[in-house]
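Structural features, examined
Given next are the chains, with one letter for each unit.
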Amino acid sequence: MSQVFSEETHRNLIARIPECTGREVADWMNTVENGPSFLRFEEKVNWLRGEHNLSHGHAKALIHEYDLRRAARRFG
């Protein structure tokens, strides 16, 4: 079952990513950008979990953040 995070929970997860993973969010955004071209959200989450050993929550937050930033680039 997929978790649904509030905006506040999402921001808190993103803020903790560098401490928990040892990598900055911008670095993770590059990893996702240069990773496989999966179409589905959960496929991207599962790839991050499997390939980079992330927790489900962190992987989901990173993919959500990536999608938000990508949408902002398109409309900005």
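Anything mentioned here points back to the structure above.
A closer look at helix 3 (residues 41–52)
Counted at 1.5 Å a residue, the expected span for helix 3 with its 12 residues is 16 Å, and the 16 Å between its end C-alpha atoms agrees. Taken as a whole, helix 3 has its buried residues at K44, V45, W47 and L48. All buried residues of helix 3 fall inside an arc of 160 degrees around its axis, so they share one side. Where helix 3 is buried, its residues meet helix 2 (25–33) and helix 4 (56–75). Of the residues trailing helix 3, N53 is marked for its positive phi of about 55 degrees.

Let's talk about the layout of surface pockets
Estimates place the volume of the largest pocket at around 170 Å³. Lining the largest pocket, in full, are V32, E33, G35, P36, S37, F38, K44, W47, I63, Y66 and R70. Going through the elements one at a time, helix 2, helix 3 and helix 4 are the ones with two or more residues in the lining of the largest pocket. Considering each element in turn, the lining of the largest pocket owes the most residues, 3 residues, to helix 4.

So, the pattern of salt bridges
A complete count under the given rule lists 6 salt bridges for this structure. When the shortest N-O distance is used, the salt bridge between R11 and E7 registers 3.1 Å. Pair noted here: R11 and E7 are both in helix 1 (residues 7–21), with a separation of 4 residues, about one helical turn. Residue R11 is classed as partly exposed on the basis of its relative accessible area, which comes to 36%. Judged by relative accessible area, E7 falls into the partly exposed class, the value being 46%. D67 serves as the salt-bridge partner of K44, at 3.8 Å between the closest nitrogen and oxygen.

Conventions adopted
- Residues numbered from 1 in each chain as written.
- Predicted model: local features only at pLDDT ≥ 70, side-chain atom pairs only at ≥ 80, totals over all residues.
- Heavy atoms only, no water.
- Helix = DSSP H or I, 4+ residues; strand = E, 2+ residues; numbered from the N terminus.
- Expected span 1.5 Å × (residues − 1).
- Buried < 20%, exposed > 50% of the residue type's maximum accessible area, 1.4 Å probe, protein only.
- Arc of directions from axis to C-beta.
- Contact = heavy atoms within 4.5 Å.
- 1 Å grid on protein atoms, 1.4 Å probe; cavity = no way out; pocket = protein on both sides within 12 Å on 5 of 7 lines; lining within 4 Å.
- Points joined across faces, edges and corners; volume = space filled by probe spheres on them.
- Salt bridge = Lys/Arg side-chain N within 4 Å of Asp/Glu carboxyl O.

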